[in-house]
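Okay, here's what each chain looks like letter by letter:
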Amino acid sequence: YAPLVHIAALLTFIGWLAWGVGWHSSLLTAIAVLIITCPCALGLAVPAVQVVACGKLFRAGIMVKSGAALERLAEIDTIVFDKTGTLTSGRPQLASMDEMGEADLAIALGLARQSKHPLARALDAALDARGIEAAAIDDISEVPGSGLGGAFNGTEVKLGSRNWCGAPPAKTGFADQEVLLKIGSRPALTFRFHDQLRDDAAKTVASLAERGFSVALLSGDREEVVTKIGDQAGIEQLYWGRTPAEKVAFIQELEEAGHKVLMVGDGLNDAAALKAAHASMAPSSAADIAGTAADLVFVGQRLGAVAHAVAVAAKARSLVWQNFAFAALYNVIAVPIAVAGFASPLIAAIAMSSSSLVVTANALRLRIGEGAGNRRRTPDGHQAMPALDG
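These figures come from a predicted structure and were not determined experimentally.

Participant: Describe in detail the packing of helix α1 (residues 2-19) against helix α2 (residues 23-36), supporting the description with residues and values.
Facilitator: Where α1 meets α2, the closest approach of the two axes is 8 Å, and the angle between their N-to-C directions is 155°. As far as their axial angle goes, α2 and α1 are roughly antiparallel. Remark: the crossing between α1 and α2 carries right-handed chirality. For the pair formed by α1 and α2, the contact residues are Val5, His6, Ala8, Ala9, Thr12, Phe13, Trp16 and Leu17 on the first element and Trp23, Ser26, Leu27, Thr29, Ala30, Val33 and Leu34 on the second. For the contact of α1 with α2, the per-class residue count stands at eleven nonpolar, four polar and no charged.

Participant: If you had to explain the side chain of Gln177 to someone new, which residues and values would you point to?
Facilitator: Here Gln177 lies in strand β7 (residues 177-183). Take Gln177: its relative accessible area is 5%, and that puts it in the buried class. A distance of 2.8 Å separates the side chain of Gln177 from the side chain of Thr84, its partner in a polar contact. In contact with Gln177, other than residues within four places in its own chain, are Lys83, Thr84, Pro92, Leu119, Phe191, Arg192, Phe193, Asp195, Asp221 and Val225.

Participant: Residues and numbers for the nonpolar core, please.
Facilitator: Leu73, Phe81, Leu87, Ile235, Leu262, Met281 and Val306 are the most contacted members of the largest nonpolar core, which totals 48 residues. By residue number, the principal contributor to this core is helix α15 (residues 304-339), which donates ten residues. Among residues more than four places away in sequence, those in contact with Leu262 are Leu73, Ile76, Thr78, Ile79, Val80, Ala279, Ser280, Met281, Val306 and Val310. Grouped together as the second largest cluster of nonpolar side chains are 27 residues, Leu94, Ala106, Ala112 and Leu189 included.

Participant: Residue-level account of a nonpolar patch on the surface, with values.
Facilitator: A cluster of nonpolar side chains, contributed by Leu17, Trp23, Leu27, Leu28 and Ile31, occupies part of the molecular surface with about 450 Å² of accessible area. Among the elements that make up the nonpolar patch, the one with the highest residue count is α2 (four residues). With respect to the helices, strands and loops of the structure, Trp23 is situated in helix α2.

Participant: Which residues make up unusual backbone geometry, and what values do they have?
Facilitator: Backbone geometry at Asp139 places phi at a positive 55°, although glycine is not the residue there. Along the chain, Asp139 falls in strand β4 (residues 138-143). Among the residues examined, Asp139 registers a relative accessible area of 70% and is labelled exposed.

Participant: Which residues make up the environment of Gln252, and what are the values?
Facilitator: The residue Gln252 is located in helix α12 (residues 244-256) in this model. A relative accessible area of 40% means that Gln252 is categorised as partly exposed. The spacing of Gln252 and Gly230 is 22 residues in sequence and 22 Å in space, taken between C-alpha atoms.

Participant: Any chance you could break down the packing of aromatic side chains for me, citing the residues and the numbers?
Facilitator: We describe a pair of aromatic rings using the distance from one ring centre to the other and the angle between the two ring planes. Inspection of the entire model under this criterion finds three aromatic pairs. A centroid spacing of 4.7 Å and a plane angle of 55° characterise the contact between Tyr239 and Phe250, whose relative ring orientation is tilted. Here Tyr239 is found in strand β10 (residues 237-239), whereas its partner Phe250 is found in helix α12, with eleven residues between them in sequence. Here Tyr239 matches Phe250 in class, with each residue buried. Taking 6.5 Å as the distance between ring centres and 25° as the angle between the ring planes, the aromatic pair formed by Phe326 and Tyr330 counts as stacked. Remark: Tyr330 and Phe326 occur in helix α15; sequence separation between them is four residues, near one turn of the helix.

Participant: Describe the pairing of strand β6 (residues 155-160), with residues and values.
Facilitator: Pairing between strand β5 (residues 147-152) and β6: six bridges, direction antiparallel. Each residue of the ladder has a partner; that of Leu148, found in β6, is Leu159. Here β5 hands over to β6 after two residues, with Asn153 in that stretch at a positive phi of 55°. Of the pairings in the sheet, the one linking β6 to β7 comprises four bridges and is antiparallel in character. The partner of Gly160 across the bridge, within β7, is Leu180.

What counts and what doesn't
- Residues numbered from 1 in each chain as written.
- Predicted model: local features only at pLDDT ≥ 70, side-chain atom pairs only at ≥ 80, totals over all residues.
- Heavy atoms only, no water.
- Axes fitted to C-alpha atoms, helices over the stretch in contact; angles between N-to-C directions.
- Helix = DSSP H or I, 4+ residues; strand = E, 2+ residues; numbered from the N terminus.
- Parallel < 35°, antiparallel > 145°, perpendicular 65-115°, else oblique.
- Left-handed = near helix turned anticlockwise from the far one by under 90°.
- Contact = heavy atoms within 4.5 Å.
- Nonpolar A, V, L, I, M, F, W, Y, C, P; charged D, E, K, R; others polar.
- Buried < 20%, exposed > 50% of the residue type's maximum accessible area, 1.4 Å probe, protein only.
- Polar contact = N/O pair within 3.5 Å; in protein donor to acceptor, adjacent residues only side chain to side chain.
- Core = buried A, V, L, I, M, F, W, Y, C linked by side-chain atoms within 4.5 Å.
- Patch = residues over 30% accessible without salt bridge, like charges linked within 9 Å, V, L, I, M, F, W, Y side chains within 5 Å.
- Areas by Shrake-Rupley, 256 points an atom, 1.4 Å probe, with all protein chains shown as cover.
- Salt bridge = Lys/Arg side-chain N within 4 Å of Asp/Glu carboxyl O.
- Phe/Tyr/Trp six-rings, centres within 6.5 Å; stacked < 30°, edge-to-face > 60°.
- Pairing = 2+ DSSP bridges.

Dropping the structure here:
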């Protein structure tokens, strides 16, 4: 931009000098060209909008990590939700458990306290309220999507999914979340939990669908659990039993098919998928690694923050293009006027400043108003994934 502006000013000076008006008048006209073409409006077109947009989202409890994240969010056409802690409140309550002694509960508590998974935290709170003292577990490690493992007095102990604990499938029709405890060669013991859908989850999903977004639920839980939550939330595209690696593959497949995906998740299991998506969001209650991987973080229990962020990003993109269009139109009109000698340096300065004010005022408009199909699933949650509708 700068070389073109200086070339235009130089040609203006030479042209007027050749016309015979004298070097003083020619120089003033060239200076007017330089002033009137000052790229303030062009330079403010994006950052002015981004500052206003990020401020609006911050006041709504949504933190944006960068302007680039806001731009990517405006481009999405597909939204993929995790289940636990995202569509649900992330505050499951222990509903029932198999009969087990205090020693078993102490081992479960010793393992649960080493994880930030919502079910582990819920188990920790429930057992602590019962007055259980945590057992000292050695060599504890956590495998995302599976569970925790360690050793107690030389005996291998595990806490996590059925596959992790080598347990048979759950009874058909069971639709609650569960965590299993495996101690040595003994049969696995089960803790069962209830987790409620976020109050505005169904409304948020309906709003996003009405705006033309394709919405899917992607979870590592069993079919019965995912089906129950999907039905309550009004999501028709359900995918269950996915490991963290399979979640990443799912997102990558959509991206390769030309979709721009927004991934919304909160757990250790979702961090890689959040990073793989075109844009990502996480609640403030998310695991540290998920919050770090996400482009945006929202506070509170309202899932409507997702729809609000998407709407603000789309409006911001519209205002950016309006600012670019105005900046271009301003130069198309103002430069010929200055070159023709109809604008003194003072008039050029006023015009240049006015263009900046118009762009900024247009960005501030963003603050105005502050404040059914066929179900499609994979047969077993692991087979080839059908493409989402655009």
